[in-house]
Amino acid sequence: LIDNVMEGDWLGEKINPTEGKPGMTVTGKVLPARKGIDFKLKYDKKTVEEHEEEYKTVLRAKTNGAVKFDGEEIRVDNHLIISGDVGYETGNISFEGYVTVKGTVKDGFSVQARNDISIQGSMGLGVINKIASKEGSIYIGGGIFGKNVSVIQAKKSVFIKYCNECKITAGEDINIGFYALDSNLYAKKVIMDSKHGKIIGGSINAEIQVIASVIGNKSGKRTHISISGFDREAIKHEFELLLKKYKAALDEIERAKQRIEKYVNGKEYNQYPRKYEDMLDEVRLMDEYRKRLQQVLETKGEGEVDVSEAAYPETHIEIKNMQKKIDSIVKGSFYALNGELHHN
């Protein structure tokens, strides 16, 4: 049901009209040639282009995406919207763009995309195969019962209501609303809801910080939290250098804006708007990175586990290779600083 195409793929064609050839009736009367009618191909010029190839006009995709028809016009869309569930009707989804699933993903099926993936159904997921975003984030409206089969991978962040017996890997943050039960999580930061978020069993592996209301449970469920940690001085130095570069870029943008206004009616005008847009994109990326570095510096020490309500016995905390086994119910912040593990 989904026509996924790559740049340059064939989308359709027409045979160009000719002058025609004379004909003849059964009685021998000559019929004059009738010239062919040239019908116009209707397509979105931003995503589809014409090519003249051997007496034919061929339509080819200008970008990767999904083929869509807007009335009679063909186009290639980089946002694939599944109105229902991903299952036998759709097959597995593999798409070079953004994917939105209005329903859920049924057991045994996968959704893979280059950009963000949004699974909006509130029912949650079962034993899916994989949900993976190569360059973006993943949003799951419900939770997941993975039975140690399901895998979720995102280049950026993952947002999910709860996870049970599954593996989640994120290049940035994992954000969970209610609980993580017997799951394996890997990210720079694992952030549970500050009032309701529980980590029970499983293994949490973060680079910077883990935040939760409760870790472990009254039954002594073994739960392992590991923070690899970071070099605060190196991050601080990088942050300061980025600020200088950021301010210099803002000054350059202001000068480019003045040049645009100066040459608005001149021959040199066309080159400046393109440069201006490129600089705006660069500053936007620098600002996003600046915010991430600032969040790292707001973490206590050089790696932190923050427990607002209770960490139960059989909770094992490791920060920068320094270990702490919880023997009685405690709460507060555990963090590494100057080669020591602190708690307050």
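Here the structure is shown first, and the text comes after it.
Residues numbered from 1 in each chain as written. Predicted model: local features only at pLDDT ≥ 70, side-chain atom pairs only at ≥ 80, totals over all residues. Heavy atoms only, no water.

Visitor: Describe the sheet that holds strand 5 (residues 48-53), listing the residues and the values that go with them.
Guide: One open sheet holds the three strands; their spatial order is 2-6-5, and the pairing between them is antiparallel. Each having just a single partner strand, strand 2 (10-15) and strand 5 make up the two edges of the open sheet. On average, each strand axis in the sheet is tilted by 25° relative to the strand beside it, whichever way the strands run. In this sheet, strand 6 (residues 56-61) lies alongside strand 2 in antiparallel orientation, the contact comprising five bridges. When the sheet's bridge partners are listed, glycine 12 is paired in strand 6 with leucine 59. (Pairing = 2+ DSSP bridges. Helix = DSSP H or I, 4+ residues; strand = E, 2+ residues; numbered from the N terminus. Axes fitted to C-alpha atoms, helices over the stretch in contact; angles between N-to-C directions.)

Visitor: Quick one: what's the story with the layout of surface pockets, residue by residue and with numbers?
Guide: Think of a ball as big as a water molecule: rolled over the atoms, this probe shows where empty space is left. Estimated volume of the largest pocket: approximately 560 Å³. When contributions to the lining of the largest pocket are tallied by element, the ones reaching two or more residues are strand 20 (173-181), strand 21 (184-192), strand 23 (203-215), helix 1 (232-262) and helix 2 (271-297). With nine residues, helix 2 is the largest single contributor of residues to the lining of the largest pocket. Split by residue class, the lining of the largest pocket holds 10 nonpolar, four polar and 10 charged. (1 Å grid on protein atoms, 1.4 Å probe; cavity = no way out; pocket = protein on both sides within 12 Å on 5 of 7 lines; lining within 4 Å. Points joined across faces, edges and corners; volume = space filled by probe spheres on them. Nonpolar A, V, L, I, M, F, W, Y, C, P; charged D, E, K, R; others polar.)

Visitor: Give a detailed account of the pairing of strand 6, specifying residues and quantitative values.
Guide: Examined bridge by bridge, strand 5 and strand 6 share six bridges and lie antiparallel to one another. Note on strand 6: the bridge partner recorded for valine 48 is alanine 61. Where strand 5 folds back onto strand 6 in an antiparallel hairpin, the turn is made up of two residues, including glutamate 54, whose phi is positive at roughly 50°.

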